[in-house]
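# Summary of structural features
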Amino acid sequence: MGAEVLSSRAIIGMFYEILEQNTGTSWIDSVSNLFDSDQALETYPWIGMVPTLREWIGGRHAKGFNSAELNIENLHFESTIEILVRELRRDKTGQLAVRIGELADRTNTHWAKLLSVLILNGETQLCYDGQYFFDTDHQEGNSGAQSNLITTDISALPATVHGSATAPSPEEFQQAVSKSITQLTSLKDDQGEPINETAREFLVMVPYSLLSVAQTALTVPRGTGVSEIIMPDNVTTKVVGNVRLNAWTDKFATFRTDGRLKAFIRQQETDVVMKAKAEGSEYEFDNDAHQYGVDTWRNVGFGRWQYAVLNQLV
């Protein structure tokens, strides 16, 4: 008798089991908020900061919010694989499990793909205030003109070892990161108040060409595999390499990660669902094959630009 073909129920269960292991990239939650959606397009009335405390003179003084609308449209994403019935019947080496695992891995890293596109396009796409996400002339309310797009002249930095914009020395890179954090802490909200006054956790995202120097510059050995350095005033800075940013050779981004809002928004209308045309289906009858597909409705958008700085090395 021939080998028993693995049922579609078992295959779908295998997919969800691997999916729940959440083998996606760890930085996603650090730089983005996830919001549920129940319609094709969500509108976010982007609100300014709450007012600071003032001396009670003449009763309470209620303050409204400076608002600008942010619209994010849900898009439909899918991925489908086809497996011949004879391949199912003959699979004795776990190749099917490998392919289903790869499909789950692709699904888990989809958010990273969408967010990385936003980061790469941050200098050319508008955010909620009508400026490019990474720009030199943001302004809201009483903030004054502000920039989250800066440059660092490597040759002007005090360092015992000098490198180049594409290969800075660890000393130079550490100073460049310090400049990015200083820029973040200088930003103000629409009331002219420091928006990152309580910031203590930052993430430095680099292309892989800069990962080694970034790790050397920012790593304190902790035996956990996490690259981070504890700076004065209990400020923690972590570094992560993003292979999707490898088009960058001389720039990196720094994000505040401990704010209630984040630099980006993830919006999801439906959870990831796997569907099958499998045993007993008309598709199997016509093609002697099964199809397994995943799909979801989701999208991403720019959130709080004040929590991100792009640093161009020159």
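Residues numbered from 1 in each chain as written. Predicted model: local features only at pLDDT ≥ 70, side-chain atom pairs only at ≥ 80, totals over all residues. Heavy atoms only, no water.

Moving on to the packing of helix H1 (residues 8-19) against helix H4 (residues 95-108). With their axes 9 Å apart at the nearest point, H1 and H4 run at an angle of 45 degrees to one another. One element, H1, and the other, H4, form an angle in the oblique class. The two elements H1 and H4 meet at a crossing, and its hand is right-handed. Each of Ile 11, Met 14, Phe 15, Ile 18 and Leu 19 in H1 lies in contact with H4, whose residues at this interface are Leu 96, Ala 97, Ile 100, Gly 101, Leu 103, Ala 104, Asp 105, Thr 107 and Asn 108. (Axes fitted to C-alpha atoms, helices over the stretch in contact; angles between N-to-C directions. Helix = DSSP H or I, 4+ residues; strand = E, 2+ residues; numbered from the N terminus. Parallel < 35°, antiparallel > 145°, perpendicular 65-115°, else oblique. Left-handed = near helix turned anticlockwise from the far one by under 90°. Contact = heavy atoms within 4.5 Å.)

Residue position: Glu 140 is located in the loop between helix H5 (110-120) and strand E5 (149-152). Put simply, Glu 140 is tucked away with no salt bridge, and the nearest opposite charge, on Arg 304, sits 7.2 Å away. Separated by 3.1 Å, the side chains of Glu 140 and Gln 306 make a polar contact. When sequence neighbours within four positions are dropped, the list of residues in contact with Glu 140 reads Tyr 128, Asp 129, Asp 189, Asp 190, Trp 305 and Gln 306. (Buried < 20%, exposed > 50% of the residue type's maximum accessible area, 1.4 Å probe, protein only. Lys, Arg positive; Asp, Glu negative; His and termini not counted. Salt bridge = Lys/Arg side-chain N within 4 Å of Asp/Glu carboxyl O. Polar contact = N/O pair within 3.5 Å; in protein donor to acceptor, adjacent residues only side chain to side chain.)

Glancing now at the packing of aromatic side chains. Taken as a whole and assessed by the stated rule, the structure comprises eight aromatic pairs. When the ring of Phe 35 is compared with that of Tyr 44, the centres are 5.8 Å apart and the planes differ by 50 degrees; the resulting orientation is tilted. You can call Tyr 44 buried: its relative accessible area is 14%. Arranged with centres 4.8 Å apart and planes meeting at 45 degrees, the rings of Phe 173 and Phe 252 form a pair that is tilted. One end of the pair, Phe 173, is in helix H6 (residues 170-186); the other, Phe 252, is in strand E9 (residues 251-256), and 79 residues separate them in sequence. Neither residue differs from the other here; Phe 173 and Phe 252 are each classed as buried. Put simply, the rings of Phe 133, Phe 134, Phe 255, Phe 264 and Phe 302 touch in pairs and so form one group of aromatic residues. Geometry around Trp 111 places Arg 266 over its ring, the cationic atom sitting 5.4 Å from the centre. (Phe/Tyr/Trp six-rings, centres within 6.5 Å; stacked < 30°, edge-to-face > 60°. Lys NZ or Arg CZ within 6 Å of the ring centre and 35° of its normal.)

Moving on, we get to unusual backbone geometry. For Asp 288, which is not glycine, the phi torsion reads 50 degrees and is therefore positive. Its place among the elements puts Asp 288 in the loop between helix H8 (282-287) and strand E12 (289-302).

Let us now look at the nonpolar core. Among the nonpolar cores identified, the biggest contains 58 residues, and Trp 27, Phe 133, Phe 173, Val 206, Phe 255 and Phe 264 are the most heavily contacted of them. At six residues, the largest contribution of residues to this core is made by H5. Grouped together as the second largest cluster of nonpolar side chains are 15 residues, Ile 11, Ile 18, Val 272 and Ala 278 included. (Core = buried A, V, L, I, M, F, W, Y, C linked by side-chain atoms within 4.5 Å.)

Once their charged atoms are close, side chains differing in charge can pair, the charge on each being opposite to the other. Inspection of every chain in the model, using the stated rule, returns five salt bridges. The shortest N-O distance in the salt bridge between Lys 251 and Glu 123 comes to 2.9 Å. A residue pair is termed long-range when its members are at least 10 positions apart, and Lys 251 in strand E9 and Glu 123 in the loop between H5 and E5 qualify at 128 residues. Linking Lys 275 and Asp 295 is a salt bridge whose minimum nitrogen-to-oxygen distance equals 3.5 Å.

Positionally, Ser 26 belongs in the loop between H1 and helix H2 (28-31). Overall, the relative accessible area of 67% leaves Ser 26 in the exposed class.

Note that Gln 131 resides in the loop between H5 and E5. C-alpha of Gln 131 to C-alpha of Trp 305: the two residues are 174 residues apart in sequence and 9.8 Å apart in space. The contacts of Gln 131, once residues within four sequence positions are left out, are Gln 125, Leu 126, Asp 137 and His 138. Side chain to side chain, Gln 131 and Asp 137 meet in a polar contact 2.8 Å long.

A few words now on the pairing of strand E8 (residues 235-241). Within E8, six of the seven residues are buried, which leaves the element mostly enclosed by the surrounding structure. The sheet contact formed by strand E6 (residues 201-206) and E8 spans six bridges and is parallel. Residue pairing for E8: Leu 203 is matched across the bridge by Lys 238. (Pairing = 2+ DSSP bridges.)

The next point concerns the pairing of E5. Burial along E5 is one-sided: the face carrying Ile 150 and Thr 152 is buried and the face carrying Leu 149 and Thr 151 is not. Sheet topology note: the E5/strand E13 (residues 308-313) ladder contains four bridges and is parallel. Considered in E13, the bridge of Thr 151 is made with Gln 312.

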